[in-house]
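# Results of the structural survey
Letter by letter, the chains look like this.
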Amino acid sequence: GVAVDKYGCIDLSMFSEPMVLNIDYPSGSFEIDPHSKERLKKLAGLLNFVPDIKLEIHGFTDNIGTAEVNRELSEKRANRVRDYLVTQGVSRDRMKVFGRGEENFVASNQTAEGRAKNRRIEIVFYR
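Residues numbered from 1 in each chain as written. Predicted model: local features only at pLDDT ≥ 70, side-chain atom pairs only at ≥ 80, totals over all residues. Heavy atoms only, no water.

### Some remarks on the overall build of the protein
The criterion, for reference: Secondary structure elements follow DSSP: runs of H or I of four or more residues count as helices, runs of E of two or more count as strands, with numbering from the N terminus. The reference for a compact globule is 2.2 Å times residues^0.38; the radius of gyration itself is calculated from the C-alpha atoms. Burial status follows relative accessibility: with a 1.4 Å probe on protein chains alone, a residue under 20% of its type maximum counts as buried, one over 50% as exposed, and anything between as partly exposed. Residues are treated as being in contact if the distance between any of their heavy atoms lies within 4.5 Å. Here the Shrake-Rupley method, with its probe set to 1.4 Å, supplies the accessible areas, and only the displayed protein chains count as covering residues.
Per the secondary structure count, the protein includes three helices and four strands. In the protein, the order of α-helices and β-strands from amino to carboxyl end is β-α-β-α-β-α-β. The C-alpha radius of gyration computed for the protein amounts to 15 Å, which stays within 12% of the reference 14 Å derived for 127 residues, consistent with globular compactness. Across its three principal directions, the C-alpha atoms of the protein cover 50 × 25 × 25 Å. Every one of the 127 residues in the protein was classed for burial, and the buried ones make up 36%. Nonlocal contacts in the protein, meaning residues at least 24 apart in sequence, comprise 73% of its contacts between residues at least 6 apart. Carbon and sulfur atoms make up 51% of the accessible area of the protein, which amounts to about 7,200 Å² in all.

Listed below in structure tokens is the structure:
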């Protein structure tokens with residue numbers, strides 16, 4: 001169930017770029033939606049085959065609320081993703097968690113759609 005290259009080796013190309021999860025977070029929530037859990041489950045399966053890959057999990061919010069509340073919320077989101085990956089067998093020691101709050105908007109906060117895009121998790125892989 002793991003992608004392999006033409007030599008039968010595990011395809012590690014997905015680890016060359018950050019993974020962005022646009023989790024369907026209602027405003028103020030840090031619970032992971034079922035679709036995102038499936039993506040995380042697949043990621044965990046691959047990570048369990050490649051134990052030398054480490055992760056930085058960055059949580060982000062929209063601009064609704066105070067900067068401090070949003071930083072705390074983004075950290076809760078990142079922690080929840082880490083904790084879910086741990087339940088799937090990924091060692092906690094491989095993951096660092098960062099709550100970025102209102103940093104690095106990827107869309108306008110003037111619309112509900114834009115705010116939803118800003119409520120996200122970015123996972124950066126490294127060795």
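After that view of the structure, there is still more to cover.
### Remarks on the nonpolar core
The test is simple: Among the buried residues, those of types Ala, Val, Leu, Ile, Met, Phe, Trp, Tyr and Cys that are joined through side-chain atoms within 4.5 Å form a nonpolar core.
Judged by nonpolar contacts, the single largest core of 24 residues is most densely connected at Leu40, Val81, Leu85, Ile121 and Ile123. Among the elements of the structure, β1 (19-21), α1 (34-49), β2 (54-60), α2 (67-87) and β4 (121-126) are those that each provide at least two residues to this core. Of all the elements, α1 adds the most residues to this core, at five residues. With residues up to four places along the chain from it excluded, the contact list for leucine 40 reads Leu21, Ile32, Val81, Tyr84, Leu85 and Ile123.

### Some points on α2
This is how the line gets drawn: For a helix, the expected span equals 1.5 Å multiplied by the residue count minus one.
With 21 residues, α2 ought to run about 30 Å at 1.5 Å a step, and its terminal C-alpha atoms sit 30 Å apart, in line with that. Three or more residues of α2 are buried, namely Asn70, Leu73, Ser74, Arg77, Ala78, Val81, Arg82, Tyr84 and Leu85. In this structure, the buried side of α2 is in contact with α1, β2, β3 (95-101) and β4. Looking one or two places after α2, you find glycine 89, whose phi comes out positive at around 100°.

### A few points about the sheet that holds β3
Stated formally: Paired strands, as defined in this entry, are two strands with at least two bridges between them according to DSSP. In this description, a line fitted to the C-alpha atoms serves as the axis of each element, helices being fitted only across the stretch in contact, and the angle between N-to-C directions of two axes falls anywhere from 0 to 180 degrees.
Read across the sheet, four strands follow the order β1-β4-β2-β3 without closing on themselves; strand pairing throughout is mixed. The sheet is open, and its two edges are formed by β1 and β3, each paired on a single side. Strand-to-strand twist of the sheet, defined as the mean angle between neighbouring strand axes without regard to direction, takes the value 20°. The strands touched by α1 within the sheet are β1, β2 and β4, with β1 carrying the most contacts at an inclination of about 155°. Of the strands in this sheet, β2, β3 and β4 touch α2, which is tilted by about 155° from β3.

### Side note on the environment of isoleucine 121
Tracing the sequence through the fold places isoleucine 121 in strand β4. Given a relative accessible area of 0%, isoleucine 121 falls into the buried group. Each C-alpha atom, one on isoleucine 121 and one on valine 81, is 8.3 Å from the other, the two residues being 40 residues apart in sequence. Excluding anything up to four places from it in sequence, isoleucine 121 contacts Met19, Val20, Leu21, Ile23, Tyr25, Ile57, His58, Gly59, Arg77, Ala78 and Val81.

Honestly, that's just the spatial picture; any functional story needs more than this.
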